[in-house]
Amino acid sequence: MKTLAKKISTATIAMLLLGVADLSHRSEAQNAAVMNAGAQTITDKTITDKRPAIHANGIKFGAYDPHGDFGAQQSVTTEHLFLPWEDVDLETLRVADAYALARGRNLLITVEPWSWDVDWRLTSDELRRKLFRGDYDVNMRAIASMIAQLKSPVIVRWGQEMEDRSGRFSWSGWNPSDYIAAYRRMMDIVREEAPDTKLMWSPKGQAGLNAYYPGDTYVDFIGLSVFGLEPYDRIVHNGPRTFSEALRPGYDLVAQYHKPVWVAELGYEGSDGYIKPWMETATLKQSDFPELQEVVYFNDRDVHTWPVNLGRPDWRVIEDASN
């Protein structure tokens, strides 16, 4: 397993699990131009803390929270971590485990089958070939072996958004049979090493996702990605969408499996009038989504640029003054 030459300490656990190695390196002028293109369409923004409202008897709530904005919030049930399988010191998972355990939270661990260092990344074909050759079994086994030592309940989410064809991930857009075989291979290793671990299959929520379903015995939870960006909605959807409208397409595609559904990644950004409905309804139990059990907020700036020159949206619930 590759490791970074720079030692990762427990003090940098948040950055370890952040996943920012693949940020684009545009000039300041280019970044400003891209962000201004999206910012020009966001008006009437005065909300300074856009965290979702928590409702009595509502949907459970979790967070990917590298900045610690949810550290003291008692209503958080899941701590979400992102983990590459090539360039990470797995001992730091113990720190994350202690953090979650002290707050009575579960761990949702998204394992991304690549390196966060773009210089180490393989092409899609190279990754697939090496994975099926067994080169990465040792990586997954090391992660699963560490998970078995953790005290918090753990859910593993491997190779998310596999039906997406934008080129964002090396493992997405594969032939469905190849992805299913890879997913099963990795999850079999998890079950061998950490049999108490639950498994999450996590499509993005796009048409065609059903071809990638690995089978009921390999899925304990289904996790969807739901993001709302006001200028994007105006351009692509001809107007703002609500949380329910954004969730509906993916939910309808996975409801047939009768598995607990999560929104494994949630984020929204826009004017007050746009984000308020998202804030109020994201954890509200709705009869239209009977299988929805939990939503997990992605509390950071997006790692990737969005289409139509909208830059990297800032999903963070408390605006970062340094941006």
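Quick caveat: nothing in here was measured; it's all calculated off a predicted structure.

Q: Lay out the nonpolar core in plain terms, naming residues and giving numbers.
A: Core analysis: the largest hydrophobic core is formed by 81 residues, its most contacted members being Trp 85, Ile 109, Trp 158 and Trp 201. With residues near it in sequence (within four places) discarded, Ile 109 still touches Leu 81, Leu 83, Leu 93, Ile 147, Leu 150, Val 154, Ile 155, Val 156 and Arg 157.

Q: Can you lay out the packing of helix 5 (residues 137-147) against helix 6 (residues 176-193) for me, pointing to particular residues and giving the numbers?
A: Contact geometry for helix 5 and helix 6: axes closest at 9 Å, N-to-C directions at 40°. When you trace helix 5 past helix 6, the crossing you get is right-handed. Across the interface between the two elements, Asp 137, Met 140, Arg 141, Ala 144 and Ser 145 of helix 5 pack against Arg 185, Met 186, Ile 189, Val 190, Glu 192 and Glu 193 of helix 6. In terms of residue class, the contact of helix 5 with helix 6 is made up of five nonpolar, one polar and five charged.

Q: So, the sheet that holds strand 1 (residues 60-64): which residues are in play, and what are the values?
A: With parallel pairing, the eight strands of this closed barrel are ordered in space as 1-2-3-4-5-6-7-8. Between one strand axis and the next, the sheet turns through 30° on average, direction left out of account. Of the pairings in the sheet, the one linking strand 6 (residues 221-229) to strand 7 (residues 261-269) comprises eight bridges and is parallel in character. From the neighbouring strand, Ile 222 faces strand 7, where its bridge partner is Val 261.

Q: Tell me about the pattern of salt bridges, and please be specific about residues and values.
A: Within this structure, the stated rule accounts for 19 salt bridges. As a salt-bridge pair, Glu 269 and Lys 50 come within 2.5 Å of each other at their nearest N and O atoms. Of the two residues, Glu 269 is situated in strand 7 and Lys 50 in the loop between helix 2 (28-39) and strand 1; the sequence distance between them amounts to 219 residues. Accessibility classification places Glu 269 together with Lys 50 in one group, the buried group. A salt bridge links Asp 164 to Lys 204, with the nearest nitrogen and oxygen atoms 3.5 Å apart. A residue pair is termed long-range when its members are at least 10 positions apart, and Asp 164 in the loop between strand 4 (154-158) and helix 6 and Lys 204 in the loop between strand 5 (198-201) and strand 6 qualify at 40 residues.

Q: So what's going on with unusual backbone geometry? Which residues, and what values?
A: Here Asn 57, not a glycine, exhibits a phi torsion of approximately 60°, which is positive. As for its position among the elements, Asn 57 is in the loop between helix 2 and strand 1. With a relative accessible area of 71%, Asn 57 lands in the exposed category. With phi around 60°, Asn 238 is a residue other than glycine that occupies positive phi space. The residue Asn 238 is located in the loop between helix 7 (230-236) and helix 8 (243-254) in this model. Since its relative accessible area comes to 74%, Asn 238 is described here as exposed.

Q: Can you tell me about the packing of aromatic side chains, naming the residues and giving the values?
A: Inspection of the entire model under this criterion finds 25 aromatic pairs. For the ring pair Trp 201 and Tyr 257, a centre distance of 6.2 Å and an interplane angle of 90° mean the geometry is edge-to-face. In this pair, Trp 201 sits in strand 5 while Tyr 257 sits in the loop between helix 8 and strand 7, placing the two residues 56 residues apart along the sequence. For the pair formed by Trp 201 and Tyr 257, the shared burial category is buried. Look at Phe 227 and Trp 315: their rings are 4.9 Å apart centre to centre, the planes differ by 40°, and that puts the pair in the tilted class. With Phe 227 in strand 6 and Trp 315 in the segment after strand 8 (292-298), this residue pair connects regions lying 88 residues apart in the sequence. Judged by its relative accessible area of 16%, Phe 227 is buried. One aromatic cluster is present, formed by Tyr 64, Phe 82, Phe 227, Tyr 232, Phe 298, Trp 306 and Trp 315 through successive ring pairs. The ring of Trp 114 has Arg 121 sitting right over it, with the charged end atom 3.5 Å from the ring centre. Here Arg 191 stacks its cationic end above the ring of Tyr 218, 5.1 Å away from the centre of that ring.

Conventions and cut-offs
Residues numbered from 1 in each chain as written. Predicted model: local features only at pLDDT ≥ 70, side-chain atom pairs only at ≥ 80, totals over all residues. Heavy atoms only, no water. Core = buried A, V, L, I, M, F, W, Y, C linked by side-chain atoms within 4.5 Å. Buried < 20%, exposed > 50% of the residue type's maximum accessible area, 1.4 Å probe, protein only. Contact = heavy atoms within 4.5 Å. Axes fitted to C-alpha atoms, helices over the stretch in contact; angles between N-to-C directions. Helix = DSSP H or I, 4+ residues; strand = E, 2+ residues; numbered from the N terminus. Left-handed = near helix turned anticlockwise from the far one by under 90°. Nonpolar A, V, L, I, M, F, W, Y, C, P; charged D, E, K, R; others polar. Pairing = 2+ DSSP bridges. Salt bridge = Lys/Arg side-chain N within 4 Å of Asp/Glu carboxyl O. Phe/Tyr/Trp six-rings, centres within 6.5 Å; stacked < 30°, edge-to-face > 60°. Lys NZ or Arg CZ within 6 Å of the ring centre and 35° of its normal.

By themselves these figures say nothing about function.
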